[in-house]
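In case you want the letters, here they are:
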Amino acid sequence: MNNEILEGLRKAIKEYDNEKAENLAKRAVEEKLDPLRVLDAMTVAIREVGDAFGRGDLWLPDLVGAADAMQAAMPIIEEEIKRTGAKRESLGTVVAGTVFGDIHSIGKTMVCTLLTAEGFKVHDLGVNIKAEEFLQAIRNYNADILAMSALMTMTAPEQKKVIEQLKKEGLRDKIKIMVGGGAITEEFAKEIGADGYDPTAPGAVKLARKLIGR
Amino acid sequence: MGYYEVEFEPVGRRGKCRDDESVLDCAHRLGVGIVSLCGGRGKFHCCKIQIIKGSVSKPTKSEIEFFSSEELKDGYRLACQTYLKSNCKIKVPLESLTTPQRLQLEGLEIGVKLNPPVKSCDVKLSPPSMVDLRGDDERIMDDLNHQFNLSCRKFDIDVLKNMSSLLRSSRWEARVFVRDNEVVSISSKHSSGLGLAVDLGTTKIAGYLLDLDSGKTLSSSGVMNPQISYGEDIVSRITYAMESPAKKKKLQEVVVNTLNSLTADLCRRANVEKERIVEAVIVGNTVMHHLLLDLPVDQLAVSPFVPAVQNSLDVKSRDIGLNIAPGAYIHLLPNIAGFVGADHVAMLLATERIWKDDDLVIALDIGTNTEVSLIDNGDITSVSCASGPAFEGAHIKDGMRATNGAIERLQLIGDEVKYQTIGKVPPVGLCGSGILDAIAQLYLAGVISRDGKMNDHPRIRFHNNQKEFVLVDEKENGSPAITITQKDVREIQLAKGAIRSGIDVLLQERGHFEQEIKKVIIAGAFGSYINVASAVSIGMLPPLPLNRFQQVGNAAGIGAKLALLSIEERFKAEAIAHRASYIELAASPDFEKIFLRATYLG
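Residues numbered from 1 in each chain as written. Chains lettered and ligands numbered in written order. Predicted model: local features only at pLDDT ≥ 70, side-chain atom pairs only at ≥ 80, totals over all residues. Heavy atoms only, no water.

K.L.:
What is the right way to read the environment of A:V122 from this model?
P.N.:
All names here are of chain A. Of note, V122 is situated in strand β2 (residues 121–124). Along the primary structure V122 and D102 are separated by 20 residues, whereas in three dimensions their C-alpha atoms are 20 Å apart. Not counting chain neighbours up to four residues away, the residues in contact with V122 comprise V94, C112, L115 and T116. (Helix = DSSP H or I, 4+ residues; strand = E, 2+ residues; numbered from the N terminus. Contact = heavy atoms within 4.5 Å.)

See below:
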């Protein structure tokens with residue numbers, strides 16, 4: 001019975017059936033399943049989708065859809081985790097967002113979902129985020145990693161601005177910085193003093209683990 | 001700091017290369033046109049070179065990732081990442097050269113009622129005498145105003161410098177060129193005034209020399225935009241210009257130099273003197289426009305990306321150093337927004353007679369940035385889509401620009417691939433129209449599914465850890481195979497999704513369905529070469545009967561010509577720009593959904 005729910009949840013995510021994912025999450029709570037086990041099942045599913053995307057077997061909307069389905073179920077499970085007082089070990093805290101002037105969100109959201117699935121605590125600030133907003137969030141959440149996205153070459157230099165602001169306020173050495181987005185290259189990342197870059201969302205997860213040594 | 005001798009093959013250019021300048025910078029300094037899409041940041045892997053002799057710096061990480069170990073062993077490198085360590089001989093592969101390219105010059109010619117802004121007036125003056133002591137300027141002005149009913153009040157300073165001697169040697173007869181209330185040129189001969197129309201593209205420049213009396217095109221010519229050496233796309237060029245005022249000035253200088261040689265070439269072909277050119281119209285995108293005039297570009301690079309100048313402009317040719325009649329003006333059409341410039345206005349102007357009687361028309365110019373306008377009952381709504389350089393061959397494994405050896409047409413018949421190359425030479429790679437055909441053919445044959453996934457097929461193989469479809473075998477031409485990889489398909493899905501989502505967002509914004517579209521006007525070089533059926537097959541363009549599509553060639557150039565020949569056309573251009581509103585694609589509420597849907601094939 002329990003396995004049936006978990007299996008169904010996995011399937012709902014892979015077939016991006018938001019409604020089913022949400023319903024099954026509710027049923028899992030009703031049946032008093034260990035919320036951490038439920039979370040694990042969802043994580044495995046989204047990771048499988050991410051890997052298939054990385055191989056080129058699945059396409060962007062599949063990943064976006066799966067992430068959406070997971071987001072539909074997530075609050076219910078998180079609520080249950082909180083209620084039962086279960087402790088989920090977090091790999092680290094990430095502050096993420098698309099830089100100021102840029103309102104593209106697909107890639108950034110993808111990375112956030114996969115990081116969450118991996119076990120990071122992710123604070124997705126959204127798009128068009130100014131340097132001071134990033135800094136504010138980093139302080140508030142005591143973040144381990146800052147993840148910035150920029151799709152347009154025009155807005156890529158904004159990432160540099162944020163890093164310089166971090167240096168100025170003495171926060172640079174307290175945090176790992178990863179950058180990504182269509183406009184970013186390895187060289188650019190190095191040039192602006194970021195700690196890492198990866199062109200793909202699944203790659204970004206590996207990078208995040210590497211950066212914090214987990 | 002040291003110097004080494006360098007020789008570039010096959011162009012045969014030799015020179016000195018500093019040890020602290022990249023091979024790319026050195027090549028550009030020596031006038032060797034190597035493609036540089038990213039402005040030297042190693043991003044697009046387009047400035048591929050081969051070291052034939054000599055030693056150079058070690059490959060960077062991105063080079064090691066990009067090249068296979070064989071290629072590295074064979075001396076393949078990226079010019080922007082390579083520094084000399086000894087005298088060297090370097091080969092520039094065909095696909096890395098910026099020239100020669102096929103240029104698109106012919107467009108949709110349409111008649112226009114002549115009413116050029118510069119009028120020619122023949123004056124016959126009475127010479128000064130003891131009882132008529134009027135100055136030369138006053139003498140001409142009186143004659144013009146009485147005989148031609150003008151209210152001329154001004155003389156260009158350069159006209160005044162030559163006028164007196166000219167009048168005396170021509171027995172007080174002259175042809176005077178008047179623009180608004182100003183004399184802009186004077187000639188002793190009764191030859192007609194000429195006009196120069198230029199479409200200043202990011203990659204290519206097309207120039208036309210016109211007779212303002214007859215409206216006829218005397219000569220036309222095309223050259224590459226020399227700013228390519230400083231970055232292939234507009235963003236790289238803005239980045240370069242922002243580094244220092246001197247660098248920004250440099251971008252103006254090189255383009256004006258090229259405009260001058262283009263003008264000289266046009267005049268030579270038509271056997272006329274360049275001083276006879278009394279008016280010019282130059283159209284370009286907003287960045288080209290600003291760089292030509294040495295206007296600030298910084299604000300174009302930051303949100304919300306506004307132009308410094310949106311309205312039409314008249315500047316003296318000598319203010320930017322354009323060598324035509326020194327008093328002549330250059331007219332610049334208005335820009336719509338930072339990402340939709342005067343070239344788009346010129347295109348809409350040129351195609352006005354195609355769209356003005358239909359209530360729903362899409363007009364688009366496909367490029368790295370694709371501008372799309374929806375004309376709905378007189379309202380024009382425009383977007384700019386970041387379609388990327390995939391259709392120019394970048395980001396595609398065997399992609400190349402439209403030069404000799406590029407597959408431009410392709411068909412899949414059974415398991416056999418039939419193709420046609422530019423220049424009818426053995427295939428080297430695929431240019432935009434070839435890539436488009438290939439994806440469409442593979443999709444129609446079921447080799448690629450709707451979501452872009454490659455299925456099994458005898459020609460599909462695994463190579464470098466990914467699936468690829470072999471279009472041309474290794475054996476067939478003695479060089480590496482030409483293939484379409486799974487990643488290539490993904491790149492095209494993103495590019496075509498960007499274009500299609502632009503169209504879809506416009507339709508949604510205005511509350512229309514695609515079937516209501518009466519016409520789709522496709523302008524620009526790439527758009528003119530593509531097989532529209534392929535573009536429709538993969539869903540880059542909406543599924544409409546093919547007779548609703550019209551490929552119009554370089555319509556921006558035609559628009560520039562029209563604005564040269566008629567004041568009314570300039571007013572029309574103003575009106576078009578005035579009626580046009582720009583919307584930011586990504587800010588549209590459903591953009592993400594629309595874009596993702598648009599990335600599917602079919």
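K.L.:
Got a minute to help me understand the pairing of strand β25 (residues 519–523) of chain B in this structure?
P.N.:
Side chains on a regular strand alternate between the two faces of the sheet. Residue and element names in this part refer to chain B. In terms of residue burial, β25 counts as a mostly covered element, since four of its five residues are buried. When β25 meets strand β26 (residues 549–553), the two strands line up parallel, connected through four bridges. Within β26, the residue paired with A523 across the bridge is G553. (Buried < 20%, exposed > 50% of the residue type's maximum accessible area, 1.4 Å probe, protein only. Pairing = 2+ DSSP bridges.)

K.L.:
Please clarify how the domain arrangement of chain A should be interpreted in this entry.
P.N.:
It is common to give the size of an interface as the accessible area lost on bringing the parts into contact. Residue and element names in this part refer to chain A. By the assigned domains, chain A splits into domain 1 (2–84) and domain 2 (93–211). Just the C-alpha atoms count here: the centres of domain 1 and domain 2 sit 25 Å apart. Between domain 1 and domain 2, the contact holds 13 residues from the first and eight residues from the second. Carbon and sulfur atoms make up 77% of the area that domain 1 and domain 2 hide from each other, which totals about 910 Å². On the domain 1 side of the contact with domain 2, I46, R47 and L63 bury the most area, a combined 31% of that side's loss. For the interface between domain 1 and domain 2, the tally reads one salt bridge. Residue R47 pairs with E118 through a salt bridge whose shortest N-O separation is 3.3 Å. Among the secondary structure elements, those contributing two or more residues to the side of domain 1 that touches domain 2 are α3 (35–55) and α4 (60–84). Ranked by residue count, the leading element in the side of domain 1 that touches domain 2 is α4, at seven residues. (Domains from an automatic or database assignment. Buried area = accessible area lost by both parts, 1.4 Å probe. Salt bridge = Lys/Arg side-chain N within 4 Å of Asp/Glu carboxyl O.)

K.L.:
What is the right way to look at the sheet that holds strand β21 (residues 429–430) of chain B in this model?
P.N.:
Paired through backbone hydrogen bonds, the strands of a sheet run either parallel or antiparallel to each other. All names here are of chain B. Pairing is mixed across the open sheet formed by three strands, whose spatial order is β20-β19-β21. Where the open sheet ends on each side, the last strands, each with one partner, are β20 (416–421) and β21. Here two bridges tie strand β19 (residues 406–413) to β21, and the two strands are oriented parallel to one another. Bridged to A406 within β21 is G429. Sheet contacts for helix α12 (residues 432–444): β19 and β21; angle to β19, the most-contacted strand, approximately 15°. (Axes fitted to C-alpha atoms, helices over the stretch in contact; angles between N-to-C directions.)

K.L.:
Sorry if this is basic, but what is going on with the packing of helix α17 (residues 555–565) of chain B against helix α18 (residues 567–579) of chain B here?
P.N.:
All names here are of chain B. Put simply, α17 and α18 touch, their axes get as near as 5 Å, and they point 125° apart. Taken together, the axes of α17 and α18 lie oblique to each other. Taken together, the residues of α18 that come into contact with α17 (itself represented by L562, A563, L564 and L565) are I567, E569 and R570. When its residues are assigned to classes, the contact of α17 with α18 shows five nonpolar, no polar and two charged. (Parallel < 35°, antiparallel > 145°, perpendicular 65-115°, else oblique. Nonpolar A, V, L, I, M, F, W, Y, C, P; charged D, E, K, R; others polar.)

K.L.:
Can you walk me through the interface of chain A and chain B in this structure?
P.N.:
The partner chain B presents 29 residues to the 25 residues of chain A that form the contact. A combined buried area of about 2,300 Å² lies between chain A and chain B, and 64% of that area is made up of carbon and sulfur atoms. When the buried surface of chain A facing chain B is broken down by residue, A:W59, A:M154 and A:E187 rank first, second and third, together holding 32% of it. At the boundary of chain A with chain B, the tally comes to one salt bridge. Linking A:E186 and B:K61 is a salt bridge whose minimum nitrogen-to-oxygen distance equals 3.3 Å. Run the count over chain A and chain B and you get five residue pairs in polar contact (both at pLDDT 80 or more). (Polar contact = N/O pair within 3.5 Å; in protein donor to acceptor, adjacent residues only side chain to side chain.)

K.L.:
Is there a simple way to explain the environment of B:A560 in this structure?
P.N.:
Residue and element names in this part refer to chain B. Positionally, A560 belongs in helix α17. Each C-alpha atom, one on A560 and one on L332, is 9.0 Å from the other, the two residues being 228 residues apart in sequence. Setting aside residues no more than four positions away along its own chain, A560 makes contact with A197, V198, V281, V283 and A346.

K.L.:
Any chance you could explain the sheet that holds strand β23 (residues 466–472) of chain B here in plain terms?
P.N.:
Residues and elements named next belong to chain B. Spatially, the three strands line up as an open sheet ordered β22-β23-β24, and their pairing is antiparallel. Of all the strands in the sheet, just β22 (460–463) and β24 (482–485) have a single pairing partner and so form its edges. Going from strand to strand, the sheet's axes swing by 45° on average, the running direction of each strand aside. The pairing of β23 with β24 spans four bridges and is classified as antiparallel. Bridging from a neighbouring strand, F469 pairs with I484 of β24. Each of β23 and β24 touches helix α14 (residues 486–510); the most contacted strand, β24, lies at about 60° to it.

K.L.:
How should the nonpolar core be read in this particular structure?
P.N.:
When a protein is soluble and globular, its nonpolar side chains tend to lie buried together. One finds A:M42, B:L364, B:I439, B:F469, B:L471, B:I484 and B:M540 to be the most contacted residues of the largest nonpolar core, which totals 114 residues. The element contributing the most residues to this core is α4(A), with twelve residues. Every residue in contact with B:I484, bar those within four places of it in the chain, is listed here: B:L430, B:A438, B:I439, B:L442, B:M454, B:K467, B:E468, B:F469, B:L471 and B:V489. (Core = buried A, V, L, I, M, F, W, Y, C linked by side-chain atoms within 4.5 Å.)

K.L.:
Teacher, can you tell me more about the pattern of salt bridges here?
P.N.:
Note that side chains of opposite charge can pair when their charged atoms are close. All names here are of chain B. In total, this model carries 56 salt bridges over all chains according to the counting rule given. Residue K161 is joined to D158 by a salt bridge in which the shortest nitrogen-to-oxygen separation is 3.7 Å. One end of the pair is K161 and the other is D158, both in helix α5 (residues 157–169) and three residues apart, which spans about a single turn. Note that R510 is salt-bridged to D379, the shortest N-O span being 3.2 Å. With a gap of 131 residues between them, R510 in helix α14 and D379 in strand β18 (residues 379–385) connect regions that are remote in the sequence. When salt bridges with common partners are traced through the structure, they connect K154, D156, D158, K161, E182, K316 and R318 into a single cluster.

K.L.:
Where do I start with unusual backbone geometry in this structure?
P.N.:
The bulk of non-glycine residues show a negative phi, and the bulk of peptide bonds are trans. Residue and element names in this part refer to chain B. Although it is not a glycine, N149 adopts a positive phi angle of roughly 55°. Of note, N149 is situated in the loop between α4 (136–147) and β7 (154–155). Even without glycine at this site, N271 takes up a positive phi of about 60°. Mapped onto the secondary structure, N271 falls in the loop between α7 (245–270) and β13 (277–284). Residue N271 is classed as exposed on the basis of its relative accessible area, which comes to 69%.

K.L.:
Would you explain the domain arrangement of chain B in this entry?
P.N.:
When the domains of chain B are assigned, the result is domain 1 (3–96), domain 2 (98–332), domain 3 (343–385 + 493–598) and domain 4 (390–488). With centres defined by C-alpha atoms, the gap from domain 1 of chain B to domain 2 of chain B works out at 39 Å.

K.L.:
Help me understand the pairing of strand β3 (residues 145–149) of chain A, please; the structure alone is not making it clear to me.
P.N.:
All names here are of chain A. Judged by how many residues are buried, β3 sits mostly within the fold: five of five residues are covered. The alternating pattern of β3 places I145, A147 and S149 on one face and L146 and M148 on the opposite face, and all of these are buried. In terms of strand pairing, strand β1 (residues 93–98) meets β3 through five bridges, oriented parallel. Among the inter-strand pairings, T98 is bridged to a residue of β3, identified as S149. Remark: the β3/helix α7 (residues 157–168)/strand β4 (residues 176–180) crossover connection has right-handed handedness. (Right-handed = clockwise from strand over helix to strand, strands pointing away.)

K.L.:
Looking at this structure, how should I read the confidence of the model for chain B?
P.N.:
Close inspection of predicted coordinates is inappropriate for parts of the model with low pLDDT. Residue and element names in this part refer to chain B. When pLDDT is averaged across chain B, the result is 89; 94% of the residues are at 70 or more. Note on residues 99–108: pLDDT is under 50 here. Beyond four places in sequence and across chains, it has 35 contacts. Both scores are given for the predicted complex: the pTM is 0.79, the ipTM 0.78. (pLDDT = per-residue confidence, 0-100.)

K.L.:
Hey, could you run me through α12(B) in this one?
P.N.:
Every α-helical turn comprises 3.6 residues, leaving residues that sit three or four positions apart pointing alike. Residues and elements named next belong to chain B. Taking 1.5 Å per residue as the helical rise, α12 with its 13 residues ought to reach 18 Å, and the 18 Å between its terminal C-alpha atoms agrees with that figure. Most of α12 sits inside the fold, with twelve of its 13 residues counted as buried. Inspection of α12 places G432, S433, G434, I435, L436, D437, A438, I439, A440, Q441, L442 and Y443 among the buried residues, and these make up the whole buried set. Note on α12: the residue one or two positions beyond its end, G446, has a positive phi of about 80°. (Expected span 1.5 Å × (residues − 1).)

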